[in-house]
Amino acid sequence: ARLAGEHASDETVVGLGTRPSTYARHLLEIAESLRPPNRAFASALPMVERSQLERRLVMILDTKNAIGRGRAAAVASLALLAGTVLAVAAAAPARPDRAAPVTPVAAARPSEPARSTFLGGACMDRFGGSFSGTISDGPSGVEANGTHDGDFSLQHTLGDGQRLCARVHGFVRFDERTGAIRELPGGSSVLIETRGGQGRSQRMLVTEERGELRYQCWLNGASQQVDDAARAWLKDALEVVAAYHEIGEIQGQVGSLQGEIGSIQGEIGSLQGEIGQVQGEIGSLQGRIGSIQGERGSLQGEIGSHQGAIGSLEGARWSASSSLKQQIDGEIRQHEAEIRKLEAKLQSSAFSKRLSDAEAELAAFEKSSRGKIAELERQIDAIRSEDGIGKLEKQIDALHADDRIDEIKRRVAPTVERLKAQVRTLGN
């Protein structure tokens, strides 16, 4: 029931005009902010549960779903964001000192060993390359203390048929800028994999052993020594993940502010909807009065039609022959009989009372609703006078998000190209 309510909320927000990609980014930032150290909130909210959040993101971005509205590009970009935000920093706390930024990824039991399923690779072939983002594999949930347990996967397309994949388990700490592993407690693990054409792949599993990082490397499925080339490949792969995480944070800030704008617009729209509901009720009562008047007017019109026919027949009777006069007299009697029936119906329908009752009901409702409409309009004016939307738009402009994202992409571009070159040489 909780999840159905969340999906209904998603449809409503997107239906108000919010871009699916923007809304999804907003959800990701909220989920990230509600995770440790805000554990009291994390344990109370279903939206921070990984399996539920992932399902909501897929539904929001699904191009075949009514929410998605065919935005294939949004699916690709937000899937990448979902992976970087949740796989690289699913529980990023506030950092008062950014001199040595470190990003925690996920929390796990220190005594739990790295899962052997990681040896199957980081890239999820069962999705046929159609999915990119986070995947929860195995048990996932939120314990009473807010600790999240489960594995997260990231798949990112490098281009030219190449993929960068990562699976992170446990409370791993990365350097925000370089992606270097700063802390990897016992039971935690990081699996990085790249794949190129013709089934070529390179994979490295990083775990903890006796307080030191242990590296295991596979090339095209065969175990290999961890040499300088492998370490250079790992360094570049982690830096690319870190760069896209930084981009995700910026996009998340913009998405959060845009979500606040959407919330204000939604609040105004809700109040306007209440006004419209009141006005609709007034219109319904006016329509009821018009229906009664129309019914009475229709009967009176039929009576007038018969009276007009009688007048025409009487005019023709003066110059008619005796036999024709008898025929005309018969037709006049028929019209007079129809008039009596209509007049009886007009009397029996009590139009005057029905009309007066409807008019009284309308007057009473209009009187009672004036105060409600005035109060709703006052609330709308109060919201607009605060200029919340204008302030939020200024905050968005102040972020200079596009410029910062372009700078990050330029900064990491050489690393991406170097990584792609390394992938191309795998197995040669």
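Residues numbered from 1 in each chain as written. Predicted model: local features only at pLDDT ≥ 70, side-chain atom pairs only at ≥ 80, totals over all residues. Heavy atoms only, no water.

**Student:** Before we move on, can you summarise the overall build of the chain with the specific residues and values?
**Tutor:** Counting its secondary structure elements, the chain contains ten helices and ten strands. Counting across all 428 residues of the chain, residues that qualify as buried make up 44%. Taking contacts inside the chain between residues at least 6 apart in sequence as the whole, the part at least 24 apart equals 66%. Counting every atom, the chain has about 21800 Å² of accessible surface; 50% of that belongs to carbon and sulfur. (Helix = DSSP H or I, 4+ residues; strand = E, 2+ residues; numbered from the N terminus. Buried < 20%, exposed > 50% of the residue type's maximum accessible area, 1.4 Å probe, protein only. Contact = heavy atoms within 4.5 Å. Areas by Shrake-Rupley, 256 points an atom, 1.4 Å probe, with all protein chains shown as cover.)

**Student:** I'd like to hear about the packing of aromatic side chains, residue by residue, with values.
**Tutor:** Using the criterion set out here, one finds zero aromatic pairs in the structure. Cation over ring: arginine 231 sits above tyrosine 215, and NZ or CZ is 4.8 Å from the ring centre. (Phe/Tyr/Trp six-rings, centres within 6.5 Å; stacked < 30°, edge-to-face > 60°. Lys NZ or Arg CZ within 6 Å of the ring centre and 35° of its normal.)

**Student:** Give me the packing of helix H6 (residues 228-317) against helix H8 (residues 351-385): which residues, what numbers.
**Tutor:** H8 packs onto H6 with a crossing angle of 165 degrees between their chain directions and a minimal axis gap of 10 Å. The angle between the axes of H6 and H8 places the two elements in the roughly antiparallel class. Here the hand of the crossing between H6 and H8 comes out left-handed. Its residues placed into classes, the contact of H6 with H8 shows 19 nonpolar, seven polar and 13 charged. (Axes fitted to C-alpha atoms, helices over the stretch in contact; angles between N-to-C directions. Parallel < 35°, antiparallel > 145°, perpendicular 65-115°, else oblique. Left-handed = near helix turned anticlockwise from the far one by under 90°. Nonpolar A, V, L, I, M, F, W, Y, C, P; charged D, E, K, R; others polar.)

**Student:** Talk me through the confidence of the model for the chain; I want residue IDs and the actual numbers.
**Tutor:** With 73% of its residues at a pLDDT of 70 or more, the chain shows a mean pLDDT of 77. Put simply, strand S2 (residues 137-142) is where the chain has its lowest mean pLDDT, 34, and helix H9 (residues 388-399) is where it has its highest, 95. Across residues 126-150, confidence stays below pLDDT 50; counting only partners more than four residues off in sequence or on other chains, it has 69 contacts. (pLDDT = per-residue confidence, 0-100.)

**Student:** I'd like a rundown of the nonpolar core, residues and numbers included.
**Tutor:** With 64 residues, the main nonpolar core has Leu164, Ile181, Val190 and Ile192 as its most contacted residues. In terms of residue count, the dominant contributor to this core is H6 (27 residues). Counting residues in each nonpolar core, the second largest holds ten residues, with Ala24, Leu28, Ala31 and Leu53 among its members. (Core = buried A, V, L, I, M, F, W, Y, C linked by side-chain atoms within 4.5 Å.)

**Student:** Can you break down helix H10 (residues 401-424) residue by residue, with the values?
**Tutor:** When the terminal C-alpha atoms of H10 are compared, their 33 Å separation across 24 residues agrees well with the 34 Å that a helix rising 1.5 Å per residue should span. Helix geometry: H10 is bent most strongly at valine 412, by close to 40 degrees, with proline proline 414 lying one to four residues after it. Looking at H10, one finds that the buried residues are Ala401, Ile405, Ile408, Arg411, Val412, Thr415, Val416, Leu419, Lys420, Gln422 and Val423. (Expected span 1.5 Å × (residues − 1). Bend = angle between axes of the 7 residues up to and from the residue.)

**Student:** Account for the pairing of strand S4 (residues 162-169), naming residues and giving values.
**Tutor:** Within S4, eight of the eight residues are buried, which leaves it mostly tucked inside the rest of the structure. Burial along S4 is two-sided: the face carrying Gln162, Leu164, Ala166 and Val168 and the face carrying Arg163, Cys165, Arg167 and His169 are both buried. Sheet topology places S4 next to strand S7 (residues 189-195); seven bridges connect them, and they run antiparallel. Residue pairing across strands places leucine 164 opposite threonine 194, the latter belonging to S7. (Pairing = 2+ DSSP bridges.)

**Student:** Before we move on, can you summarise the packing of H6 against helix H7 (residues 322-348) with the specific residues and values?
**Tutor:** At a closest axis distance of 9 Å, the pairing of H6 and H7 adopts a crossing angle of 165 degrees. The angle between H6 and H7 places the two elements in the roughly antiparallel class. Considering only the axes of H6 and H7, their crossing is left-handed. For the contact of H6 with H7, the class distribution of residues is eleven nonpolar, four polar and eleven charged.

**Student:** Explain unusual backbone geometry to me, using residue names and the numbers behind them.
**Tutor:** Glycine aside, residues mostly have negative phi, and peptide bonds are mostly found in the trans state. Phi angles above zero are rare outside glycine, and arginine 210 is one such case at about 55 degrees. When you line up the elements, arginine 210 lands in the loop between strand S8 (201-209) and strand S9 (212-219). We classify arginine 210 as exposed; its relative accessible area is 81%. The phi dihedral of histidine 400 falls on the positive side, at around 50 degrees, and the residue is not glycine. Take histidine 400: it is sitting in the loop between H9 and H10. Assessed through its relative accessible area of 49%, histidine 400 is described here as partly exposed.

**Student:** Tell me about the pattern of salt bridges, and name the residues and values.
**Tutor:** Per the stated rule, a full pass over the model turns up 14 salt bridges. Residue arginine 411 pairs with glutamate 246 through a salt bridge whose shortest N-O separation is 3.1 Å. Of the two residues, arginine 411 is situated in helix H10 and glutamate 246 in helix H6; the sequence distance between them amounts to 165 residues. Each of Asp160, Glu417 and Lys420 takes part in a single network of salt bridges with overlapping partners. (Salt bridge = Lys/Arg side-chain N within 4 Å of Asp/Glu carboxyl O.)

**Student:** Summarise the environment of leucine 61; cite the residues concerned and give the values.
**Tutor:** Its location among the elements puts leucine 61 in helix H4 (residues 50-61). The class for leucine 61 is buried, based on a relative accessible area of 8%. For the pair formed by leucine 61 and proline 20, sequence separation is 41 residues and the distance between their alpha carbons is 6.2 Å.

**Student:** Explain the side chain of threonine 415 to me, and be specific about the residues and the numbers.
**Tutor:** Mapped onto the fold, threonine 415 is located in helix H10. Setting aside chain neighbours within four positions, we find threonine 415 in contact with Asp236, Glu239 and Val240.

**Student:** Requested: an account of the environment of glutamate 366, with residues and values cited.
**Tutor:** By the element assignment, glutamate 366 lies in helix H8. Sequence-wise, glutamate 366 and valine 278 are 88 residues apart; in three dimensions their C-alpha atoms are separated by 9.0 Å.

**Student:** Outline the pairing of S9, listing residues and values.
**Tutor:** Bridging between S8 and S9 involves eight bridges; their strand directions are antiparallel. If you follow threonine 207 over to S9, its bridge partner there is arginine 214. Hairpin remark: S8 followed by S9, antiparallel, with two residues in the connecting loop; positive phi at arginine 210, about 55 degrees. Judged from the three bridges that link them, S9 and strand S10 (residues 222-224) form a sheet pairing that is antiparallel.

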